[in-house]
Amino acid sequence: MRKRLCLSLALSAALWLLFAWPLPRYLASGIPCSSTNIEKGAVRRMMAGDHLQLHYFYWLFSDMLAGKTPWFSNVYEFNLGDDAARRRVGVYNMPFSFVYAAGRAVAGRAFGWNLTGFVVLWLTHFITWLLLRRHTDDDRTAALVALIGVALPYRWETLLGGSPTGSAMLWVPLLMLGLDLAGRSFSARGAVLAAVALVFAYLHDRHVFFFGILLLPGWLLVLLVLNEEFRWRPNRSWLRLARAMLPFLLIVLALLMVAGRAKKKGFAGTNMAPGRTIEEVAIYSPEPHAPVSWRDHGKNAHAYVGFSAPLLLLLGLAVLIGRFRRDRRRYGRLLAALALLLAGTAGIVCLALGPNGPFDGALFKGLRAAMPGYEMIRQPAKVFCLLPACLAVACLLAVRVLRPLCRTPRSSAALPAVAAVLIVAEYAAQVRPTICLLDTEQAAYEAVARDAADPDRPARALVVPLWPGDSAWASLYEHYVSLYRIRMINGYTPIVPESYRQTVFKRYGSVNVGVLSDEQLDELRLERKIDYVILHEDAFPEKVSPFPVCFTLKRFLNHPRLALLKQGQNVWAFKILAQPVPRPDVKPAWDLFFPARQWELDKLACTAAEVAADESASGGERLTLAGGGTVALTNGFSHWDAPDAVLKLRLKGHGAVAVELGAEPGLAPVPVAVDSDAWQWIDVDLADAAAAGPRIVPRVEWRRGTVHLDMMTFVSGHWPPAPAAGRIELPAALFFHAGYIDRQKDSVWLRRAYQPDDAVFYGLGLPLPAGEYELELVCRSPAPAGVKLGKLRMTGRGIEGAERNVIAGRRALGTFVQKSNLPVRIEFVFKRNADVEIERVVLNSVGTHIEQVKPDT
């Protein structure tokens with residue numbers, strides 16, 4: 001046994017080095033976050049995702065062991081002010097958490113995580129080896145073929161991606177080994193071993209438990225087929241089997257009862273209570289070609305099976321069929337077992353494709369309808385947790401069948417190694433890890449922890465953006481609060497109680513646009529015991545606000561009851577004050593906020609209107625009102641008391657419409673007249689509507705003539721600003737961006753260590769009159785002259801002009817032609833070759849004057 005453990009350790013280490021590279025270079029500083037890399041250099045700091053969430057729970061348990069966090073208490077997230085309410089008794093990923101805690105004690109958090117992943121891999125190989133050893137007399141063959149099960153890309157997808165499934169898959173071969181002992185050797189100890197595996201699967205990952213239950217009938221059937229002592233007619237073998245299986249069956253029944261109650265109790269009143277719709281499942285389902293899609297990424301990479309392993313299985317099956325025809329008694333059971341395993345493997349692949357499987361996903365839909373609990377599965381490919389162990393057993397049987405074809409003992413001995421090398425090499429080519437380097441400090445969070453000096457009132461914070469509780473962005477918050485043990489009202493979990501959505505997200509969601517009333521702040525301080533607001537500037541996607549982060553940040557900086565405590569580059573910490581403190585206007589130059597909300601009117605609900613093709617329209621179609629009709633944004637949008645808010649409307653024709661802005665009584669519609677064959681932009685002032693109610697519900701109604709409508713957008717501020725001789729300068733802080741703002745210069749810093757190779761700085765979305773424009777990105781970088789920093793481009797329907805490379809030491813200047821007056825987008829694609837400071841964007845009119853079109857109203 002000791003020799004096996006050592007050999008398994010060596011083989012697992014070799015496999016880990018092959019598949020996980022370049023992770024070994026970052027053992028103590030980074031953790032993997034994906035197995036299908038798309039990052040330049042495969043390494044970046046602090047990428048949000050499930051890996052940070054799982055790491056948080058590993059850390060939480062190790063902190064309990066260290067005595068710094070109360071036992072079985074997750075007090076650092078979803079904390080509404082009562083630590084006792086956050087007591088959560090559970091396994092906290094034990095026993096893996098013990099490995100993490102030991103590794104963390106030796107060389108820090110990242111090392112603890114990576115040690116845990118390797119130990120899981122090693123134990124998986126060793127257990128799979130033991131399982132295969134029961135189906136061959138050749139120990140070496142079992143050890144080599146076990147590598148195939150460990151190498152399947154889905155294992156690495158989950159293990160490197162931070163899914164609990166990655167480590168919980170360890171229990172599948174243990175479950176199969178225990179059942180093998182019970183089903184073929186009639187061993188009650190085997191049944192107990194299988195029960196233990198199923199219990200741990202239940203405690204660690206419900207997907208593995210659920211699909212483990214699904215595996216039981218098929219695997220037991222394979223075992224009974226292979227059991228020479230078992231007879232299908234009732235005899236003593238049935239009694240021996242029943243005695244052996246009794247402990248397992250009792251525990252399975254108990255687990256099913258517990259799981260049923262937990263499902264009813266755990267999902268009641270949550271976002272998952274109704275189950276997953278088939279439409280939602282389809283979004284997360286791999287495409288039909290995924291099982292053979294070479295070096296794919298995302299959901300398709302989950303379902304890769306490849307070519308080598310299926311070829312080996314089909315060859316083994318073909319040879320075995322030939323032998324069966326000559327000697328049915330000798331090869332009948334083996335043929336039936338291999339056929340069952342092949343059918344099971346094919347079934348797993350079909351289920352993994354979900355609604356995209358053969359015959360419109362008939363197998364998946366049938367099981368989903370028949371098996372309670374299947375409707376809760378959002379990612380069908382999770383069923384692949386069963387495939388590695390099943391595939392390993394099937395490959396071993398195929399190798400056993402093919403070895404007699406070898407002409408010499410040497411070639412026969414080499415066959416398992418050749419098969420393993422070919423399959424492992426193919427699978428290794430699919431795995432390209434991405435490494436997330438972990439921050440060990442954050443100045444803004446540290447300032448909060450230091451400022452909260454009262455031990456009876458520990459630091460508590462509301463972190464912005466505030467999400468409904470199921471966003472991976474919040475995994476960043478989990479990591480940083482763990483560094484300083486700050487309690488936060490935010491959190492990240494796939495199952496969110498409806499009470500949290502109502503009492504936290506909807507109650508305080510206005511914080512995302514900088515709105516915090518005295519009532520909200522008093523409630524946070526007095527009831528929730530929250531004294532701090534923390535803003536993540538570079539984790540602020542368009543979804544959370546109709547404007548860039550500068551809109552929210554300006555409001556925080558000017559809020560009389562918020563005091564800036566510390567800016568730690570991309571994170572800002574504010575302290576909630578008991579009483580308002582007057583202060584002068586901060587950042588008055590931030591007076592234009594680019595829109596994140598635009599609507600094509602031909603896509604909205606309309607009556608008595610005609611939609612027709614029009615190449616000059618934003619989406620290639622226009623909506624016409626003539627002789628009556630309306631078009632409306634039925635859900636409307638919140639205006640959030642945005643300053644100088646307007647609704648920009650693009651239209652043309654000869655006639656008039658009336659724009660209603662809400663259902664508030666006494667709010668008169670705004671008349672809009674147009675007399676032009678060219679598209680015009682008209683601003684509809686929202687001041688009166690904003691004063692009347694919190695939401696704008698635009699509705700355009702025909703009044704006379706014929707009016708063609710294209711699009712509308714919600715803007716705060718004046719556009720264009722007063723230009724100087726056709727020249728507009730826009731501070732970088734006004735743009736949507738990653739990185740962080742230098743508040744002294746209103747510039748934006750992009751950091752190569754943190755930002756992706758992507759368009760991480762962009763803005764406008766506002767109309768620009770037709771003409772020729774000179775566009776300049778004023779920036780600097782510590783990089784040597786000649787280093788490529790990125791690309792500057794202007795995009796939009798009707799824009800002509802090639803993108804321009806931005807080179808260190810040279811002006812970033814380009815000329816573009818706007819052929820219409822549609823909105824344009826200015827963006828900088830960051831190449832991660834060096835840090836870049838963007839100071840401003842300059843737009844200079846060359847062939848026309850930038851002026852506001854003011855049609856008659």
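Secondary structure summary: the protein chain contains 24 helices and 31 strands in total. By the compact-globule yardstick of 29 Å for 857 residues, the protein chain fits well, its C-alpha radius of gyration being 31 Å. Counting only C-alpha atoms and orienting by the principal axes, one finds that the protein chain spans roughly 95 × 65 × 60 Å. Put simply, the protein chain has 857 residues, and 57% of those count as buried. For the protein chain, the proportion of contacts with a sequence separation of at least 24, taken over those separated by at least 6, is 76%. Looking at the protein chain as shown, the accessible area adds up to about 35,100 Å², and 57% of this sits on carbon and sulfur atoms. When the 96 basic and 75 acidic side-chain charges of the protein chain are each reduced to a single mean position, those positions are 14 Å apart.

For the rest of this paragraph, the subject is the sheet that holds strand β7 (residues 562-568). Pairing is mixed across the open sheet formed by five strands, whose spatial order is β5-β4-β6-β8-β7. For this open sheet the edge positions go to β5 (487-488) and β7, each flanked by a neighbour on one side alone. Two elements, strand β6 (residues 532-536) and strand β8 (residues 571-576), share five bridges in a ladder whose sense is antiparallel. From the neighbouring strand, His536 faces β8, where its bridge partner is Val571.

Sheet topology note: the strand β9 (residues 592-593)/strand β19 (residues 699-717) ladder contains two bridges and is antiparallel. What sits directly across from Leu592, in β19, is Gly717. One ladder, built from three bridges, connects strand β10 (residues 598-600) with β19; its direction is antiparallel. Within β19, the residue paired with Trp599 across the bridge is Met712. The pairing of strand β13 (residues 621-626) with β19 spans four bridges and is classified as antiparallel. From the neighbouring strand, Leu623 faces β19, where its bridge partner is Leu709. Of the pairings in the sheet, the one linking strand β14 (residues 630-632) to β19 comprises three bridges and is antiparallel in character. Within β19, the position partnered with Val631 by the bridge is Val700. Direction of pairing for strand β16 (residues 645-660) relative to β19: antiparallel, over a ladder of 16 bridges. Of the residues in β19, the one forming a bridge with Ala658 is Glu701.

Buried within helix α21 (residues 498-508) we find Tyr500, Arg501, Val504 and Tyr508. Taken down its axis, α21 places every buried residue within 125° of arc, on the same side. Against the buried residues of α21 lie α22 (518-527).

Before going further, it helps to spend a moment on the environment of Glu527. Note that Glu527 resides in helix α22. Residues Glu527 and Asn74 lie 453 residues apart in sequence; the distance between their C-alpha atoms is 19 Å. Those residues within four positions of Glu527 in sequence are excluded, and the remaining contacts are Leu80 and Asp522.

With that settled, the discussion passes to the environment of Asp683. Position of Asp683 relative to the elements: it lies in strand β17 (residues 670-685). On the basis of relative accessibility, which here comes to 34%, the residue Asp683 falls in the partly exposed class. C-alpha of Asp683 to C-alpha of Phe126: the two residues are 557 residues apart in sequence and 70 Å apart in space. Here Lys648 takes part through its side chain, which lies 2.8 Å from a polar atom of the side chain of Asp683.

On the surface, a nonpolar cluster with roughly 290 Å² of combined accessible area is contributed by Leu65, Trp71 and Phe98. As for its position among the elements, Trp71 is in the loop between α2 (50-65) and α3 (96-107).

With that settled, consider the pattern of salt bridges. In this structure the tally under the stated criterion is 46 salt bridges. Put simply, Arg727 and Glu729 hold a salt bridge, and the shortest N to O gap is 3.0 Å. Judged by its relative accessible area of 35%, Arg727 is partly exposed. Linking Glu776 and Arg811 is a salt bridge whose minimum nitrogen-to-oxygen distance equals 2.8 Å.

Scanning all chains against the criterion turns up 34 aromatic pairs. Summarising the aromatic geometry, the rings of Phe19 and Trp156 are spaced 4.8 Å apart at their centres and angled 15° between planes, so their arrangement reads as stacked. Placement of Phe19 in helix α1 (residues 2-20) and of Trp156 in helix α6 (residues 153-161) is noted, with a sequence separation of 137 residues between them. Look at Trp156 and you get buried, because its relative accessible area is 0%. Between Phe637 and Phe714, the aromatic rings sit 4.7 Å apart at their centres with planes inclined by 40°, giving tilted as the arrangement. Here the residue Phe637 occupies a position in strand β15 (residues 637-638), and Phe714 occupies one in strand β19, the gap between them amounting to 77 residues. By relative accessible area, Phe637 is classed as buried at 7%. An aromatic cluster is built from Phe547, Phe551, Phe593, Trp599, Phe637 and Phe714, whose rings are joined through pairwise contacts. Positioned over the ring face of Tyr202 is Arg206, at 3.9 Å from the centre of the ring. Its guanidinium or amino end placed over the ring of Phe816, Arg804 lies 5.6 Å from that ring's centre, counting from NZ or CZ.

In a regular helix each residue adds 1.5 Å, so 15 residues correspond to 21 Å; helix α8 (residues 171-185) covers 20 Å between its end C-alpha atoms and thus fits that length. Of all 15 residues that make up α8, twelve are buried, and the element is covered over most of its length. Regarding α8, the residues found buried are Trp171, Val172, Pro173, Leu174, Leu175, Met176, Leu177, Gly178, Leu179, Asp180, Ala182 and Gly183. The positive-phi residue at the C-terminal boundary of α8 is Phe186, with phi of around 55°.

Looking now at the packing of helix α14 (residues 308-326) against helix α18 (residues 409-428). Taken N-terminus to C-terminus, the directions of α14 and α18 make an angle of 145°; their axes are 9 Å apart at the nearest point. Together, Ser308, Ala309 and Leu312 of α14 and Ala419, Leu422, Ile423, Glu426 and Tyr427 of α18 make up the contact between the two elements. Looking at the contact of α14 with α18 residue by residue, the class counts come to six nonpolar, one polar and one charged.

A cluster of like negative charges, contributed by Asp591, Asp644, Asp685 and Asp688, occupies part of the molecular surface. Mapped onto the fold, Asp591 is located in the loop between β8 and β9. Given a relative accessible area of 48%, Asp591 falls into the partly exposed group.

This part is about the packing of helix α10 (residues 206-226) against helix α15 (residues 328-352). One way to put it is that α10 packs onto α15 with a least axis distance of 8 Å and a crossing angle of 165°. With respect to their mutual orientation, α10 and α15 come out roughly antiparallel. Read as a crossing pair, α10 and α15 show a hand that is left-handed. Contact residues: α10 offers Leu214, Trp219, Leu221, Val222, Leu224, Val225 and Leu226, while α15 offers Arg333, Leu334, Ala336, Ala337, Leu340, Leu341 and Leu351. Class assignment of the residues belonging to the contact of α10 with α15 gives a composition of 13 nonpolar, no polar and one charged.

What follows is about the nonpolar core. One broad rule of soluble globular proteins: the nonpolar side chains tend to lie buried together. Formed by 272 residues in total, the largest nonpolar core has its most connected members in Trp219, Phe248, Phe384, Tyr427, Tyr445 and Phe761. Considering each element in turn, this core owes the most residues, 14 residues, to helix α17 (residues 387-402). In this structure, Phe384 is in contact with Leu152, Tyr154, Met169, His302, Ala303, Tyr304, Val305, Ile348, Val349 and Ala352, ignoring residues within four places of it in sequence.

A word on the sheet that holds strand β2 (residues 43-45). Reading across from one edge, β1-β3-β2 is the order of the three strands in this open sheet, with mixed pairing throughout. The two strands at the open ends of the sheet, each matched to only one other strand, are β1 (30-34) and β2. With strand direction ignored, the average angle separating the axes of adjacent strands in the sheet is 35°. Two elements, β1 and strand β3 (residues 434-437), share four bridges in a ladder whose sense is antiparallel. If you follow Ser34 over to β3, its bridge partner there is Thr434. Where α2 meets the sheet, it contacts β1 and β3, and its direction lies at approximately 135° from that of β1.

Conventions adopted
- Residues numbered from 1 in each chain as written.
- Predicted model: local features only at pLDDT ≥ 70, side-chain atom pairs only at ≥ 80, totals over all residues.
- Heavy atoms only, no water.
- Helix = DSSP H or I, 4+ residues; strand = E, 2+ residues; numbered from the N terminus.
- Rg over C-alpha atoms; globule rule 2.2 N^0.38 Å.
- Buried < 20%, exposed > 50% of the residue type's maximum accessible area, 1.4 Å probe, protein only.
- Contact = heavy atoms within 4.5 Å.
- Areas by Shrake-Rupley, 256 points an atom, 1.4 Å probe, with all protein chains shown as cover.
- Lys, Arg positive; Asp, Glu negative; His and termini not counted.
- Charge placed at Lys NZ, Arg CZ, Asp CG, Glu CD.
- Pairing = 2+ DSSP bridges.
- Arc of directions from axis to C-beta.
- Polar contact = N/O pair within 3.5 Å; in protein donor to acceptor, adjacent residues only side chain to side chain.
- Patch = residues over 30% accessible without salt bridge, like charges linked within 9 Å, V, L, I, M, F, W, Y side chains within 5 Å.
- Salt bridge = Lys/Arg side-chain N within 4 Å of Asp/Glu carboxyl O.
- Phe/Tyr/Trp six-rings, centres within 6.5 Å; stacked < 30°, edge-to-face > 60°.
- Lys NZ or Arg CZ within 6 Å of the ring centre and 35° of its normal.
- Expected span 1.5 Å × (residues − 1).
- Axes fitted to C-alpha atoms, helices over the stretch in contact; angles between N-to-C directions.
- Nonpolar A, V, L, I, M, F, W, Y, C, P; charged D, E, K, R; others polar.
- Parallel < 35°, antiparallel > 145°, perpendicular 65-115°, else oblique.
- Left-handed = near helix turned anticlockwise from the far one by under 90°.
- Core = buried A, V, L, I, M, F, W, Y, C linked by side-chain atoms within 4.5 Å.

Just distances and angles here, no functional claims.
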